[in-house]
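An overview of the molecular structure
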2 protein chains.
Amino acid sequence: MNAEKIPDIIIGRLPIYMRALQRMSEKGIQTTSSQELGERVGISAAQIRKDISQFGEFGKQGTGYHIPFLLDKLRSILKVDRVWDVALVGAGDMGHALARYQGFRDRGFQIVMVFDNDAQKVGEKVGDFIVQDMSSLAETIRKAGVKMAMLTVPAVAAQDVADELVKAGVKAILNYAPISLNVPPDVKVQHIDPASHLQRMTYYL
Amino acid sequence: MNAEKIPDIIIGRLPIYMRALQRMSEKGIQTTSSQELGERVGISAAQIRKDISQFGEFGKQGTGYHIPFLLDKLRSILKVDRVWDVALVGAGDMGHALARYQGFRDRGFQIVMVFDNDAQKVGEKVGDFIVQDMSSLAETIRKAGVKMAMLTVPAVAAQDVADELVKAGVKAILNYAPISLNVPPDVKVQHIDPASHLQRMTYYL
DNA sequence: TTGTTATGGTAAAGTTAATTAACACTTTAC
DNA sequence: GTAAAGTGTTAATTAACTTTACCATAACAA
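Residues numbered from 1 in each chain as written. Chains lettered and ligands numbered in written order. Predicted model: local features only at pLDDT ≥ 70, side-chain atom pairs only at ≥ 80, totals over all residues. Heavy atoms only, no water.

**A few points about the overall build of chain A**
A count of helical and extended segments in chain A gives eight helices and 11 strands. Reported as C-alpha extents along the three principal axes, the dimensions of chain A are approximately 60 × 40 × 35 Å. Of all 205 residues assigned to chain A, the portion counted as buried reaches 50%. Counting only contacts in chain A whose residues sit at least 6 apart along the sequence, the fraction spanning at least 24 positions is 56%. Accessible surface computed for chain A: about 9,500 Å², of which carbon and sulfur atoms make up 49%. (Helix = DSSP H or I, 4+ residues; strand = E, 2+ residues; numbered from the N terminus. Buried < 20%, exposed > 50% of the residue type's maximum accessible area, 1.4 Å probe, protein only. Contact = heavy atoms within 4.5 Å. Areas by Shrake-Rupley, 256 points an atom, 1.4 Å probe, with all protein chains shown as cover.)

Have a look at this one:
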């Protein structure tokens, strides 16, 4: 075990391994090898062994990895052996889709509140939630101790909302707005921007 | 200009630069520097200069970059100086959100057809489109010469649909299903999986 | 039991890729 | 004419990946 400093690039691969392992587990598969897992996710077996061995010896020589055991370990490493509360800001189409998505729970997350600044949307039901006004955002989030947020507001509003979230104590933001957010170094941001992903592929067409 | 072999990681940063430049341009800003752009997107000035200079000399010493000019060049490099037709497969919540999203057009993409295999959804209107049955997918896509697709079907169906898309001649897939797709090497895949992004951040919380 | 095969963990070496730093040169402002 | 700003480029440095090799263990077949 080498707890010193794990490169972020390795952390980024762990969810991919987890995703595949979870699917194998659902299919009733109990055991896999770095070889097999690698073929599924498109990563070399050596890479996978090296990544996993950063955190301990979770495999068995000769037999491979016991999937439920490895999943437990990965969940614990990524701290998703619990369920994280997440605030959703922006009740547009994307907000609706995320609020209604059933796939978060099994992977360690649940949306617990939804905000929007549009008076027409406030009070409306989105998924299982009543949309709250943005004016109550900071206080509500702080009181609930929520540390993660998903941001699905228009680009022009995104930075302001991000600033609010940071003030409210949020430490991780999943940003759907097509704009790079500026946040303090102790706050993590991940971007989801379908147009950027598409543009990345057209280069090769 | 060094057209030999540009690393994929550089290609992946170009859309981020474009996104920021497009926003600056909308605000009426005509000129920027690697320094300023770097602060906006959180990437070092040296890195930006190096990335851009892979493709030519688009800046002026002493003055920086003319934003409309640089944008044109980047659009041309990423081949989004045209509008790409995109097929959307999966008319669930996420499919609806994407079909109605207005932000693709300005960045080089337009959805032109929507498919689902649910008889209840076929014929329904999603955004400006009538949902078509999956059985017509391969033929319709091939006839229209569509090369890109967005995949918002459940994980269990994703690989089968991807196989269909590949058969139909699609060369780039934006996959929203939480599963790693296996496709031939000449087909590009990008994954969008919010739970993975969230898991990547919880490690640091 | 014994040999064989499959497999993970580790380490070393080599290779490639990515990032950062440094600097010469150009342009603009004054 | 001089200082400041800023690029493009090269060099230096660091990081990531790949390859290879080897050992220890486990499962299984003879």
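**Quick look at the nonpolar core**
Of all hydrophobic cores here, the largest spans 96 residues; its most connected members are Leu-98 and Met-150 of chain A together with Met-150 of chain B. Residues in contact with Met-150 of chain A, not counting those within four places in the same chain, are Val-86, Ala-87, Leu-88, Val-89, Leu-98, Phe-104, Ile-111 and Leu-174 of chain A together with Leu-198 of chain B. (Core = buried A, V, L, I, M, F, W, Y, C linked by side-chain atoms within 4.5 Å.)

**Thoughts on the protein's contact with DNA strand C**
In the vicinity of DNA strand C lie 22 residues, with Ser-34, Gly-62 and Tyr-65 of chain A together with Pro-7 and Gln-61 of chain B positioned nearest. Close to the protein, within 4 Å, the atoms of DNA strand C are drawn from sugar and phosphate at a rate of 67%. In this structure, Gln-61 of chain A approaches DNA strand C through a side-chain N or O atom, which is 3.0 Å from a base nitrogen. Going through the elements one at a time, helix H3 (45-53), strand S2 (59-60) and strand S3 (64-66) of chain A together with helix H1 (8-26) and helix H3 (45-53) of chain B are the ones with two or more residues in the surface near DNA strand C. Element by element, the count of residues in the surface near DNA strand C is highest for H3 of chain B, at three residues. Looking at the surface near DNA strand C residue by residue, the classes come out as four nonpolar, 12 polar and six charged. (Near = heavy atom within 4 Å. Polar contact = N/O pair within 3.5 Å; in protein donor to acceptor, adjacent residues only side chain to side chain. Nonpolar A, V, L, I, M, F, W, Y, C, P; charged D, E, K, R; others polar.)

**Brief notes about the relation of the copies chain A and chain B**
The transform that puts chain A on chain B rotates by 180° and translates by 0.0 Å along the axis, for an RMSD of 0.1 Å. The superposition of one copy onto the other is thereby described by a two-fold rotation axis. Interface residue correspondence from chain A to chain B reaches 100%, placing this contact among same-surface, isologous pairings. (Least-squares fit on C-alpha atoms with pLDDT ≥ 70 in both.)

**Let's talk about the environment of Asp-163 of chain A**
All names here are of chain A. With respect to the helices, strands and loops of the structure, Asp-163 is situated in helix H7 (residues 155-167). Spatially, the C-alpha atom of Asp-163 lies 8.5 Å from that of Asn-182, the residues being 19 residues apart in sequence. Here Gln-159 takes part through its side chain, which lies 2.9 Å from a polar atom of the side chain of Asp-163.

**Let's talk about the environment of Ala-162 of chain B**
Residues and elements named next belong to chain B. Its location among the elements puts Ala-162 in helix H7 (residues 155-167). Separated by 94 residues in the primary sequence, Ala-162 and Pro-68 place their C-alpha atoms 37 Å from one another. Here Ala-162 is in contact with Leu-151, Ile-173 and Leu-181, once residues within four sequence places are set aside.

**Notes on the protein's contact with DNA strand D**
Around DNA strand D, a shell composed of 23 residues is seen, among which Ser-34, Arg-49, Gly-59, Gln-61 and Tyr-65 of chain B lie nearest. Put simply, 66% of the atoms of DNA strand D that lie within 4 Å of the protein are in sugar or phosphate. The side chain of Gln-47 of chain A places a nitrogen or oxygen atom 3.3 Å from a phosphate oxygen of DNA strand D. Arg-49 of chain B has a polar side-chain atom sitting 2.9 Å from a base oxygen of DNA strand D. Mapped by element, the contributors of at least two residues to the surface near DNA strand D are helix H1 (8-26) and H3 of chain A together with H3, strand S2 (59-60) and strand S3 (64-66) of chain B. The element contributing the most residues to the surface near DNA strand D is H3 of chain A, with three residues. A breakdown of the residues in the surface near DNA strand D according to their chemical character gives five nonpolar, 13 polar and five charged.

**With respect to unusual backbone geometry**
Residues and elements named next belong to chain A. The phi angle at Lys-79 is positive, at roughly 60°, despite the residue not being glycine. Structurally, Lys-79 is set in the loop between helix H4 (67-77) and strand S4 (84-89). By relative accessible area, which is 22% here, Lys-79 ends up partly exposed.

**Structural notes on the domain arrangement of chain A**
One can read the domain layout of chain A as domain 1 (8-77) and domain 2 (84-197). If you average the C-alpha positions of domain 1 of chain A and of domain 2 of chain A, the two centres end up 31 Å apart. (Domains from an automatic or database assignment.)

**Re the packing of aromatic side chains**
As enumerated under the stated definition, the model contains six aromatic pairs over all chains in all. Measuring from centroid to centroid gives 5.0 Å for Tyr-203 of chain A and Tyr-204 of chain A, while their planes differ by 90°, and the two rings are edge-to-face. With 5.0 Å between their ring centres and 90° between their planes, Tyr-101 of chain B and Phe-104 of chain B make a pair best called edge-to-face. A residue is classified by how much of its surface remains accessible, and Phe-104 of chain B, at 3% relative accessible area, is buried. (Phe/Tyr/Trp six-rings, centres within 6.5 Å; stacked < 30°, edge-to-face > 60°.)

**Regarding the sheet that holds S2 of chain A**
Residues and elements named next belong to chain A. Taken in spatial order, the three strands line up as S1-S3-S2 in an open sheet, and their pairing is antiparallel. Every other strand in the sheet has two partners, leaving strand S1 (31-32) and S2 as the edge strands with one partner each. Taken together, the two bridges between S2 and S3 define a ladder with antiparallel strand orientation. Note on S3: the bridge partner recorded for Gly-59 is Tyr-65. (Pairing = 2+ DSSP bridges.)

**Comments concerning the pattern of salt bridges**
Using the criterion set out here, one finds 21 salt bridges over all chains in the structure. Here Lys-171 of chain A makes a salt bridge to Asp-186 of chain A, at a shortest N to O gap of 2.7 Å. Separated by 15 residues along the polypeptide, Lys-171 of chain A in the loop between H7 and strand S10 (172-175) and Asp-186 of chain A in the loop between S10 and strand S11 (188-191) bring together distant segments of the chain. On the accessibility criterion, Lys-171 of chain A (30% relative accessible area) is partly exposed. For Arg-13 of chain B, the salt bridge goes to Asp-51 of chain B, with nearest N and O atoms at 2.7 Å. Within this pair, whereas Arg-13 of chain B is found in helix H1, its partner Asp-51 of chain B is found in helix H3, the two being separated by 38 residues in sequence. Both residues of the pair, Arg-13 of chain B and Asp-51 of chain B, count as buried. Residues joined in a network through salt bridges with shared partners are Arg-19 and Arg-107 of chain A together with Asp-193 of chain B. (Salt bridge = Lys/Arg side-chain N within 4 Å of Asp/Glu carboxyl O.)

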